[in-house]
Amino acid sequence: GAGVSQSPSNKVTEKGKDVELRCDPISGHTALYWYRQSLGQGLEFLIYFQGNSAPDKSGLPSDRFSAERTGGSVSTLTIQRTQQEDSAVYLCASSRDRGTAYEQYFGPGTRLTVT
Amino acid sequence: AQTVTQSQPEMSVQEAETVTLSCTYDTSENNYYLFWYKQPPSRQMILVIRQEAYKQQNATENRFSVNFQKAAKSFSLKISDSQLGDTAMYFCAFMKRSSSNTGKLIFGQGTTLQVKP
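Just so we're clear, the structure is a prediction, and the values are computed from it rather than from any experiment.

What follows deals with the sheet that holds strand β6 (residues 65-69) of chain A. All names here are of chain A. Sheet architecture is open: four strands sit in the order β1-β3-β7-β6, paired in antiparallel fashion. The open sheet terminates on both sides in strands that have one partner only, identified here as β1 (5-7) and β6. Recorded for the sheet is a direction-independent mean angle of 15 degrees between the axes of neighbouring strands. Note: strand β3 (residues 19-24) against strand β7 (residues 75-79), five bridges, orientation antiparallel. Considered in β7, the bridge of Cys23 is made with Ser75.

Written out as C-alpha coordinates, the structure reads:
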(Lines give C-alpha, C1' and ligand atoms only; values in the text may rest on other atoms or scores of the structure.)
Protein backbone atom coordinates (compact mmCIF):
# COMPACT_ATOMS: atom_id res chain seq x y z
CA GLY A 1 0.00 0.00 0.00
CA ALA A 2 0.91 3.65 -0.26
CA GLY A 3 1.14 4.27 3.46
CA VAL A 4 0.83 2.73 6.90
CA SER A 5 -2.63 1.32 7.47
CA GLN A 6 -4.29 0.43 10.75
CA SER A 7 -7.44 -1.43 11.59
CA PRO A 8 -9.95 -1.02 12.96
CA SER A 9 -10.27 2.73 12.75
CA ASN A 10 -12.39 2.79 15.88
CA LYS A 11 -13.02 0.13 18.48
CA VAL A 12 -15.41 0.19 21.40
CA THR A 13 -15.07 -2.59 23.91
CA GLU A 14 -16.32 -3.45 27.36
CA LYS A 15 -14.01 -3.34 30.34
CA GLY A 16 -12.37 -6.72 30.86
CA LYS A 17 -12.46 -7.81 27.20
CA ASP A 18 -9.38 -8.44 25.07
CA VAL A 19 -8.73 -6.40 21.93
CA GLU A 20 -6.40 -6.73 18.98
CA LEU A 21 -5.19 -3.77 16.95
CA ARG A 22 -3.54 -4.29 13.60
CA CYS A 23 -0.85 -2.36 11.75
CA ASP A 24 0.30 -2.82 8.16
CA PRO A 25 3.57 -0.96 7.61
CA ILE A 26 4.74 0.49 4.32
CA SER A 27 5.93 -2.30 2.05
CA GLY A 28 9.64 -2.93 2.51
CA HIS A 29 9.89 -1.12 5.83
CA THR A 30 11.63 -3.29 8.38
CA ALA A 31 11.22 -1.05 11.43
CA LEU A 32 7.83 -0.71 13.10
CA TYR A 33 6.76 1.35 16.12
CA TRP A 34 3.66 1.56 18.30
CA TYR A 35 2.72 4.70 20.21
CA ARG A 36 -0.23 5.55 22.42
CA GLN A 37 -1.92 8.94 22.52
CA SER A 38 -4.10 9.54 25.56
CA LEU A 39 -5.49 12.59 27.31
CA GLY A 40 -3.70 11.82 30.53
CA GLN A 41 -0.31 10.67 29.27
CA GLY A 42 0.05 12.45 25.95
CA LEU A 43 1.96 10.64 23.20
CA GLU A 44 4.13 7.80 24.45
CA PHE A 45 6.26 5.11 22.87
CA LEU A 46 5.11 1.53 23.43
CA ILE A 47 7.22 -0.91 21.43
CA TYR A 48 9.66 -1.14 18.53
CA PHE A 49 10.34 -3.98 16.09
CA GLN A 50 13.32 -4.21 13.75
CA GLY A 51 13.37 -7.15 11.35
CA ASN A 52 13.90 -10.40 13.25
CA SER A 53 15.63 -8.78 16.21
CA ALA A 54 14.17 -8.91 19.70
CA PRO A 55 11.71 -6.04 20.09
CA ASP A 56 12.21 -3.09 22.42
CA LYS A 57 9.26 -3.47 24.77
CA SER A 58 10.41 -0.84 27.23
CA GLY A 59 7.34 1.35 26.72
CA LEU A 60 4.63 -1.23 27.34
CA PRO A 61 2.68 0.02 30.38
CA SER A 62 1.76 -3.34 31.87
CA ASP A 63 1.87 -7.07 31.20
CA ARG A 64 -1.66 -6.83 29.80
CA PHE A 65 -0.07 -5.32 26.70
CA SER A 66 1.74 -7.45 24.16
CA ALA A 67 2.65 -7.15 20.51
CA GLU A 68 3.92 -9.37 17.80
CA ARG A 69 5.09 -8.99 14.28
CA THR A 70 4.60 -11.93 11.99
CA GLY A 71 6.79 -12.44 8.95
CA GLY A 72 8.51 -9.12 9.53
CA SER A 73 5.49 -7.23 8.22
CA VAL A 74 2.07 -6.97 9.86
CA SER A 75 2.00 -6.24 13.58
CA THR A 76 -0.72 -6.87 16.14
CA LEU A 77 -0.99 -5.07 19.46
CA THR A 78 -3.04 -7.02 21.97
CA ILE A 79 -4.50 -5.60 25.14
CA GLN A 80 -5.88 -8.16 27.57
CA ARG A 81 -8.53 -7.46 30.20
CA THR A 82 -8.97 -3.90 29.01
CA GLN A 83 -9.37 -1.11 31.55
CA GLN A 84 -10.90 2.33 31.10
CA GLU A 85 -7.45 3.93 31.28
CA ASP A 86 -6.54 2.00 28.12
CA SER A 87 -8.87 4.30 26.17
CA ALA A 88 -6.62 6.14 23.73
CA VAL A 89 -5.58 6.44 20.13
CA TYR A 90 -3.01 3.81 19.23
CA LEU A 91 -0.66 4.95 16.48
CA CYS A 92 1.61 2.78 14.41
CA ALA A 93 4.59 4.01 12.41
CA SER A 94 7.20 2.43 10.18
CA SER A 95 10.59 3.39 8.79
CA ARG A 96 12.72 1.82 6.09
CA ASP A 97 15.08 0.42 8.71
CA ARG A 98 16.65 1.26 12.04
CA GLY A 99 19.11 3.62 10.40
CA THR A 100 16.28 5.75 9.05
CA ALA A 101 14.31 5.87 12.28
CA TYR A 102 14.41 9.65 11.90
CA GLU A 103 11.89 9.24 9.07
CA GLN A 104 8.90 7.51 10.60
CA TYR A 105 5.65 7.38 8.67
CA PHE A 106 2.53 7.20 10.78
CA GLY A 107 -0.77 5.48 10.20
CA PRO A 108 -4.15 7.06 10.99
CA GLY A 109 -4.42 5.30 14.32
CA THR A 110 -7.04 3.20 16.06
CA ARG A 111 -9.25 4.98 18.58
CA LEU A 112 -9.98 2.55 21.41
CA THR A 113 -12.81 3.30 23.80
CA VAL A 114 -13.25 1.07 26.84
CA THR A 115 -16.69 1.37 28.43
CA ALA B 1 15.86 10.76 30.73
CA GLN B 2 14.81 13.15 28.03
CA THR B 3 11.81 15.44 28.30
CA VAL B 4 10.10 17.75 25.83
CA THR B 5 7.98 20.69 26.93
CA GLN B 6 5.54 22.74 24.92
CA SER B 7 4.25 25.54 27.10
CA GLN B 8 1.53 26.82 24.78
CA PRO B 9 -1.51 24.51 24.83
CA GLU B 10 -3.41 26.66 22.31
CA MET B 11 -2.57 29.38 19.84
CA SER B 12 -4.37 31.19 17.07
CA VAL B 13 -3.23 33.26 14.13
CA GLN B 14 -4.88 35.15 11.32
CA GLU B 15 -4.56 33.74 7.84
CA ALA B 16 -1.42 35.00 6.05
CA GLU B 17 0.22 36.04 9.34
CA THR B 18 3.24 34.48 11.01
CA VAL B 19 3.14 32.41 14.18
CA THR B 20 5.83 30.83 16.34
CA LEU B 21 5.35 27.71 18.44
CA SER B 22 7.71 27.12 21.34
CA CYS B 23 9.45 23.96 22.47
CA THR B 24 12.13 23.28 25.04
CA TYR B 25 13.77 19.99 25.82
CA ASP B 26 16.09 18.49 28.35
CA THR B 27 18.77 15.94 27.55
CA SER B 28 22.33 15.05 28.40
CA GLU B 29 22.85 13.64 24.92
CA ASN B 30 24.94 15.49 22.38
CA ASN B 31 23.76 13.71 19.27
CA TYR B 32 20.05 13.74 18.55
CA TYR B 33 17.24 14.80 16.27
CA LEU B 34 14.42 17.23 16.88
CA PHE B 35 11.16 17.20 14.99
CA TRP B 36 7.93 19.06 14.55
CA TYR B 37 4.93 16.92 13.66
CA LYS B 38 1.49 18.10 12.60
CA GLN B 39 -1.65 16.17 13.55
CA PRO B 40 -4.81 17.33 11.78
CA PRO B 41 -8.26 16.07 12.83
CA SER B 42 -7.68 13.01 10.64
CA ARG B 43 -5.25 11.89 13.41
CA GLN B 44 -2.42 11.07 11.02
CA MET B 45 0.90 12.46 12.24
CA ILE B 46 2.75 14.28 9.48
CA LEU B 47 6.40 15.26 9.72
CA VAL B 48 6.74 19.00 9.21
CA ILE B 49 10.44 19.54 9.75
CA ARG B 50 13.51 17.80 11.18
CA GLN B 51 16.70 19.19 12.68
CA GLU B 52 19.91 17.30 13.38
CA ALA B 53 21.59 18.55 16.51
CA TYR B 54 25.08 18.62 15.03
CA LYS B 55 23.94 21.00 12.28
CA GLN B 56 24.12 24.63 13.28
CA GLN B 57 22.05 25.81 10.35
CA ASN B 58 18.34 26.03 11.09
CA ALA B 59 16.17 23.70 9.01
CA THR B 60 13.65 25.20 6.58
CA GLU B 61 10.82 23.61 4.62
CA ASN B 62 8.92 26.11 2.51
CA ARG B 63 6.81 28.20 4.92
CA PHE B 64 8.12 26.32 7.95
CA SER B 65 11.39 27.11 9.67
CA VAL B 66 12.91 26.44 13.05
CA ASN B 67 15.02 28.41 15.48
CA PHE B 68 17.33 25.82 17.04
CA GLN B 69 19.24 27.03 20.07
CA LYS B 70 21.28 24.03 21.24
CA ALA B 71 22.81 25.63 24.30
CA ALA B 72 19.44 26.86 25.47
CA LYS B 73 17.78 23.57 24.47
CA SER B 74 15.13 25.45 22.57
CA PHE B 75 13.51 24.47 19.29
CA SER B 76 10.75 26.77 18.06
CA LEU B 77 8.72 26.46 14.88
CA LYS B 78 7.85 29.46 12.75
CA ILE B 79 5.01 29.21 10.28
CA SER B 80 4.96 32.03 7.74
CA ASP B 81 1.99 33.04 5.60
CA SER B 82 -0.34 30.86 7.69
CA GLN B 83 -2.99 28.97 5.77
CA LEU B 84 -6.31 27.50 6.90
CA GLY B 85 -4.89 24.05 6.24
CA ASP B 86 -2.26 24.65 8.91
CA THR B 87 -4.97 24.30 11.56
CA ALA B 88 -3.90 21.25 13.56
CA MET B 89 -2.17 20.07 16.67
CA TYR B 90 1.61 20.44 16.53
CA PHE B 91 3.98 18.21 18.45
CA CYS B 92 7.62 18.80 19.15
CA ALA B 93 9.61 15.57 19.46
CA PHE B 94 13.10 14.35 20.35
CA MET B 95 14.98 11.27 19.29
CA LYS B 96 18.39 10.15 20.48
CA ARG B 97 20.84 9.31 17.73
CA SER B 98 23.03 6.29 18.44
CA SER B 99 24.14 2.99 16.94
CA SER B 100 21.70 1.20 19.21
CA ASN B 101 18.94 3.64 18.35
CA THR B 102 15.49 2.14 18.61
CA GLY B 103 13.85 5.14 17.02
CA LYS B 104 11.92 6.03 20.14
CA LEU B 105 10.33 9.43 19.70
CA ILE B 106 9.69 11.47 22.84
CA PHE B 107 6.89 13.96 22.34
CA GLY B 108 5.83 17.19 23.97
CA GLN B 109 2.26 17.75 25.09
CA GLY B 110 1.27 19.46 21.85
CA THR B 111 0.04 22.90 20.81
CA THR B 112 -3.31 23.32 19.13
CA LEU B 113 -3.04 25.92 16.40
CA GLN B 114 -6.08 27.52 14.85
CA VAL B 115 -5.72 29.62 11.74
CA LYS B 116 -8.56 32.11 11.43
CA PRO B 117 -9.84 33.46 8.11
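Next, the rest of the story.
Let's shift gears to the state of the cysteines. Taken as a whole and judged by the stated rule, the model has two disulfides over all chains. A sulfur-sulfur distance of 1.8 Å marks the disulfide that ties Cys23 of chain A to Cys92 of chain A. An S-S torsion of about -65 degrees defines the bridge between Cys23 of chain A and Cys92 of chain A as left-handed. A residue pair is termed long-range when its members are at least 10 positions apart, and Cys23 of chain A in strand β3 and Cys92 of chain A in strand β8 (residues 88-95) qualify at 69 residues. We note that Cys23 of chain A, like Cys92 of chain A, is buried. Across a sulfur-sulfur distance of 2.0 Å, Cys23 of chain B and Cys92 of chain B are joined as a disulfide pair.

Moving on to the nonpolar core. Looking at soluble globular proteins, one finds that nonpolar side chains tend to be buried together. Membership of the largest hydrophobic core comes to 26 residues, with the highest contact counts inside it found for Tyr25, Trp36, Phe75, Leu77 and Tyr90 of chain B. Where this core is concerned, the elements lending two or more residues are β3 (19-21), β5 (32-39), β6 (46-52), β8 (64-69), β9 (74-79), β10 (88-96) and β12 (111-116) of chain B.

Residues and elements named next belong to chain B. Bridging between β3 and β9 involves three bridges; their strand directions are antiparallel. Looking across to β9, one finds that Val19 is bridged to Ile79. Looking at chain direction, β8 and β9 are connected through six bridges and run antiparallel. Note on β9: the bridge partner recorded for Val66 is Leu77. Between β8 and β9, which follow one another and run antiparallel, lie four residues, and Lys73 among them has a positive phi close to 55 degrees.

This part covers the interface of chain B and chain A. Across the boundary between the two partners, chain B contributes 18 residues, which contact 22 residues of chain A. Approximately 1,800 Å² of surface area, both sides summed, lies buried where chain B meets chain A, with 52% of it carried by carbon and sulfur atoms. On the chain B side of the contact with chain A, Arg43, Thr102 and Phe107 of chain B bury the most area, a combined 34% of that side's loss. Viewed at the interface, chain A and chain B are joined by one salt bridge. With a shortest N-O distance of 3.6 Å, Glu103 of chain A and Arg50 of chain B are connected by a salt bridge. Where chain B packs against chain A, one counts nine residue pairs in polar contact (both at pLDDT 80 or more). When residues of the side of chain B that touches chain A are traced back to their parent elements, those giving at least two are β5 and β10 of chain B.

Calculation notes
Per-chain numbering applies: the sequence of each chain, read as written, is numbered from 1 onward. A letter from A marks each chain and a number from 1 marks each ligand, given out in the order of writing. Whole-chain, interface and lining totals are the exception, using all residues; otherwise, since this is a predicted model, local features are given only for residues with pLDDT of at least 70 and side-chain atom pairs are given and counted only at 80 or more. Note that water and hydrogens are dropped before the side-chain values are worked out from all heavy atoms of the structure. Strands were regarded as paired on the criterion that DSSP finds at least two bridges between them. Only DSSP runs of H or I reaching four residues or more are called helices, and only runs of E reaching two or more are called strands; each is numbered from the N terminus. Axis angles are defined between N-to-C directions and span 0 to 180 degrees, where every axis is a line fitted to C-alpha atoms and, for a helix, only to the segment in contact. Working definition: a disulfide is two cysteine sulfur atoms within 2.5 Å of each other. Each residue's exposure class comes from its accessible area (1.4 Å probe, protein chains only) as a fraction of the maximum for that residue type: buried when under 20%, exposed when over 50%, partly exposed otherwise. Take the buried Ala, Val, Leu, Ile, Met, Phe, Trp, Tyr and Cys residues and link them wherever side-chain atoms come within 4.5 Å; each set so joined is a nonpolar core. Residues count as neighbours in contact if any of their non-hydrogen atoms are within 4.5 Å of one another. By buried area we mean how much accessible surface two parts lose on assembly, using a 1.4 Å probe and totalling the loss over both. Salt bridge, as used here: a side-chain nitrogen of Lys or Arg that lies within 4 Å of a carboxyl oxygen of Asp or Glu. Under the rule applied, a polar contact is a pair of N or O atoms within 3.5 Å (in protein, one hydrogen donor and one hydrogen acceptor; residues adjacent in sequence only if both atoms are side-chain atoms).

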